[in-house]
Amino acid sequence: MIDRRALSLAAASLVLMLAACGGDDVCEDCKPRLSGPLELTGTLTWPSTPELPPDAELSVELVRVQGAGATNSVVVRTKMPAAGATQPAPFKLNYSGGSIDPNTLYYVIGRIKKGDQLLMINDRGYGLPANGTGPLDMALVPVPKQLGKN
């Protein structure tokens, strides 16, 4: 079951990310023209405290932003155990450049979760780089406990 407060926080964050992008003429990096097989690479960093639970999981998603009132869709996702992860933790997202619509906004979202509980997330927008491959270095921040619970 998804906590409505956490969902509201995520929606508000997405709105802020979109607002930061400005407009069609300002954010060409958010609307790349790509083709062929691509690999987006980057790293995740997060505060060393609080210590992550041993069963926590890191994930990175490339998300297609559908617009107000619509459900965003995940283009590609990768997951890895947080146990033993060193910082910065590298990630790779393999996808087809043909799946990217140049007239649509895309963002990359990093998370750390324990089961369904969101522990950390990026608090700023990371658009898909114009080259589609990065590198993209993402910083995660802790989610307040009352918002991260389901």
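As the structure is a computational prediction, the values presented were derived from the model and not from experiment.

Caption draft 1: Geometry of the sheet that holds strand E7 (residues 136-142). In space, the seven strands of this open sheet follow the order E3-E2-E5-E6-E7-E1-E4, with mixed pairing throughout. The sheet is open, and its two edges are formed by strand E3 (73-81) and strand E4 (89-96), each paired on a single side. When the angles between neighbouring strand axes are averaged without regard to direction, this sheet yields 30°. Taken together, the three bridges between strand E6 (residues 117-122) and E7 define a ladder with antiparallel strand orientation. Within the sheet, the bridge partner assigned to Asn122 lies in E7 and is Leu140.

Caption draft 2: Spotlight on the packing of aromatic side chains. Applying the stated rule across the entire model yields zero aromatic pairs. The aromatic ring of Tyr126 is capped on one face by Arg124, whose charged end is 4.3 Å from the ring centroid.

Caption draft 3: Molecular detail of the nonpolar core. Counting 28 residues, the largest nonpolar core has Trp46, Leu62, Tyr95 and Ile112 as its most contacted members. Elements supplying a minimum of two residues to this core: strand E1 (37-45), strand E2 (57-65), E3, E4, strand E5 (105-114), E6 and E7. For this core, the leading source of residues is E4, giving four residues. Not counting the four nearest positions on each side in its chain, Leu62 is found in contact with Ser73, Val74, Val75, Val76, Leu93, Tyr95, Ile100, Tyr106, Tyr107, Val108 and Leu128. Of all hydrophobic cores here, the second largest spans five residues; its members include Val63, Ile109, Ile121 and Val143.

Caption draft 4: The arrangement of the environment of Pro50 in detail. Looking at the secondary structure, you find Pro50 in the loop between E1 and E2. With 69 residues separating them along the chain, Pro50 and Leu119 place their C-alpha atoms 9.6 Å apart. When neighbours within four sequence positions are excluded, Pro50 is seen to be in contact with Met120 and Pro142.

Caption draft 5: Molecular detail of the pattern of salt bridges. This structure, assessed with the given rule, holds two salt bridges. Between Glu61 and Arg77 there is a salt bridge; the shortest N-O distance is 2.7 Å. With Glu61 in strand E2 and Arg77 in strand E3, this pair connects stretches of sequence that are 16 residues apart. A salt bridge links Arg111 to Glu61; the nearest nitrogen and oxygen atoms lie 2.8 Å apart. Of this pair, Arg111 sits in strand E5 while Glu61 sits in strand E2, and the two are 50 residues apart along the sequence.

Quick notes on the rules
Residues numbered from 1 in each chain as written. Predicted model: local features only at pLDDT ≥ 70, side-chain atom pairs only at ≥ 80, totals over all residues. Heavy atoms only, no water. Pairing = 2+ DSSP bridges. Helix = DSSP H or I, 4+ residues; strand = E, 2+ residues; numbered from the N terminus. Axes fitted to C-alpha atoms, helices over the stretch in contact; angles between N-to-C directions. Phe/Tyr/Trp six-rings, centres within 6.5 Å; stacked < 30°, edge-to-face > 60°. Lys NZ or Arg CZ within 6 Å of the ring centre and 35° of its normal. Core = buried A, V, L, I, M, F, W, Y, C linked by side-chain atoms within 4.5 Å. Buried < 20%, exposed > 50% of the residue type's maximum accessible area, 1.4 Å probe, protein only. Contact = heavy atoms within 4.5 Å. Salt bridge = Lys/Arg side-chain N within 4 Å of Asp/Glu carboxyl O.

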